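# Coordinates in review
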Amino acid sequence: MDMIYTLADHVVNTNFNTLPDEVIEKTKLFLLDTLGVALPGSGAPGVAPVAKLMAEIGGKKQSTVLCYGHKLPAMNAALVNSMMIHALDLDDLHDDAIVHPSCCQFPVALAMAEASAPVDGKKLIAAVALGVDISCRLALGLISGMGFIRSGICGIFGAVATAAKLRNFNQDQIVNAMGIAYSQTAANAQVLLDGALVKRMQPAFMAKNGIFSVLLAERGIEGPKNILQGKFGFLELYKRGEVFPEKITENLGKVYETANVDIKPFPGGRYIHGPAELGIALATQHDLKPEQIAEVTIYLPQMAYNYVGRPYDPTLGNPQVMAQFCAVYAGVAGIVRREFFIGEMEETVIKDPVIAGLAKKTKVLVDEAVKSPTAKTPVTMEIRTRDGKVFKEKVQYLKGHPKNFLTKEEIIAKFRKCVDLSAVKIPGANLKKIVSLTDKLEKVADVSVIPGLLTKAK
């Protein structure tokens, strides 16, 4: 029997009371962080046109579009919300799975909770924890390599798990919905290489399609059943059979991958965080000015180099997307600005002549000492000054990694920074209530109140 049935049983048999305390607490923190990054994300390039398009398409007013405040059919609200959450690449990430889980799962959960109200906090936590666990487990079962973006090809299965749990699906219904989702699974890495704005929509497509798959299954549409291990199943097609299938179900129900998700202190792809962190640290510790620097060298593992080792070129595609996946830019911006947050993703900063000048003196090399083909760290930066001094530093566990996790206070501080940089004005009382509700989410009787709090003042 296909492994998808085991995952379906996992969804059916899991509830709030079976979750480890760490998973419950982290899920609540992830919700606060996710709502926070939506605020500046609502003004990111591409979000407003998509929000307007979906409003023009219209439909049943089921679920709230964050920040903007209007309501759309659940799956369309999930699409817009997912896009704004992921737009600045400031949302959480599972480092090993290379999946952005919350930008897909929370938009699905909140949209479906509004459409299926009342849904209490315990049920929402369980549904999201399952969606995160399944999407990350599937990604862990794939051997690393370029080609597909896992937040898309794996995120949709998590979206189905989340939505199906909120709809109280049984095993057969879940398998059916997963099969329908498999017919819509796609997300390519070419968007990264070309700096395409649609990159920030790939998890959004999966959030929408995950809900759509569940709604179709409710109406009797059938999907394939040998979804993962069939001759043309997911594991064979997407990685040509080069897989670790045992990782998909290993310790299922005992270990939840939610516990292994990072909260990101910086925007942009996770692979640029090492250069950003090191650039800030070296420039601050040694009071380095751009004009003092003769050369910067960044050493990355092969996999990280494949994704972000490109030259700095703000004329390639969308400048913001280029910056989000360029180690040179992150390292240099960290040195020049001694900060790397949303302001460093503004086009005027990306094209700053000082940054452009130092970028010409910066190179990215593969760290040949790192032998693992799946390693993302360590990251090393070496700075040579014009007077012959050399400064070098390495980072093994990036800030926000489970072994170097942000404190609750740091997560709340990040939320407040996002509030200050929000594209829309949210009433202060609403923001305080969001912090309080997420902290005590398991006690909230109807979570449909939460999206309405994160909308602009009228």
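Structure shown above.
Residues numbered from 1 in each chain as written. Predicted model: local features only at pLDDT ≥ 70, side-chain atom pairs only at ≥ 80, totals over all residues. Heavy atoms only, no water.

## Notes on the nonpolar core
Core analysis: the biggest nonpolar cluster contains 169 residues, and Phe 234, Tyr 329 and Phe 340 have the highest contact counts within it. Per element, the largest residue contribution to this core is 13 residues, and it comes from helix α6 (residues 121–140). Other than its neighbours up to four places away in sequence, Phe 340 contacts Pro 265, Phe 266, Pro 267, Ile 272, Ala 276, Ile 280, Tyr 329, Ala 330, Ala 333 and Met 345. (Core = buried A, V, L, I, M, F, W, Y, C linked by side-chain atoms within 4.5 Å. Buried < 20%, exposed > 50% of the residue type's maximum accessible area, 1.4 Å probe, protein only. Helix = DSSP H or I, 4+ residues; strand = E, 2+ residues; numbered from the N terminus. Contact = heavy atoms within 4.5 Å.)

## Notes on the pairing of strand β3 (residues 293–300)
Pairing between β3 and strand β5 (residues 379–385): six bridges, direction antiparallel. Among the inter-strand pairings, Ile 293 is bridged to a residue of β5, identified as Thr 385. Across five bridges, the pairing between β3 and strand β4 (residues 362–366) is parallel. Residue Tyr 299 lies in a different strand from β4, and its bridge partner there is Leu 365. (Pairing = 2+ DSSP bridges.)

## A look at empty space enclosed by the protein
Applying the stated rule across the entire model yields two cavities of 30 Å³ or more. Taken as a whole, the largest cavity spans an internal volume of roughly 310 Å³. Lining the largest cavity are 21 residues; nearest its centre among them are Ile 98, His 100, Arg 270, Tyr 271 and Phe 325. Here the residues of the lining of the largest cavity sort into 11 nonpolar, five polar and five charged. (1 Å grid on protein atoms, 1.4 Å probe; cavity = no way out; pocket = protein on both sides within 12 Å on 5 of 7 lines; lining within 4 Å. Points joined across faces, edges and corners; volume = space filled by probe spheres on them. Nonpolar A, V, L, I, M, F, W, Y, C, P; charged D, E, K, R; others polar.)

## Looking at the environment of Ala 78
Position of Ala 78 relative to the elements: it lies in helix α4 (residues 74–86). Here Ala 78 is in contact with Pro 107, Val 108, Ala 111, Ala 207 and Ile 211, once residues within four sequence places are set aside.

## Quick word on the packing of helix α3 (residues 47–57) against α4
Contact pair α3 / α4: the axes reach a minimum separation of 10 Å and the direction vectors enclose 175°. One way to sum up the angle between α3 and α4 is to call them roughly antiparallel. Residue-level inspection shows Val 47, Val 50, Ala 51 and Met 54 of α3 in contact with α4, the latter providing Asn 76, Leu 79, Val 80, Met 83 and Met 84. (Axes fitted to C-alpha atoms, helices over the stretch in contact; angles between N-to-C directions. Parallel < 35°, antiparallel > 145°, perpendicular 65-115°, else oblique.)

## Describing the sheet that holds β3
Sheet architecture is open: four strands sit in the order β4-β3-β5-β6, paired in mixed fashion. With one partner strand each, in any of the chains shown, β4 and β6 (390–395) form the two edges of the open sheet. Shown here is a sheet whose adjacent strand axes are inclined to one another by a mean of 15°, direction ignored. Of the strand pairs in this sheet, β5 and β6 are connected by six bridges, and their pairing is antiparallel. Note on β6: the bridge partner recorded for Met 381 is Glu 393. Strands in contact with helix α14 (residues 273–285) are β3, β5 and β6; relative to β6, the strand with the most contacts, it is inclined by about 140°.

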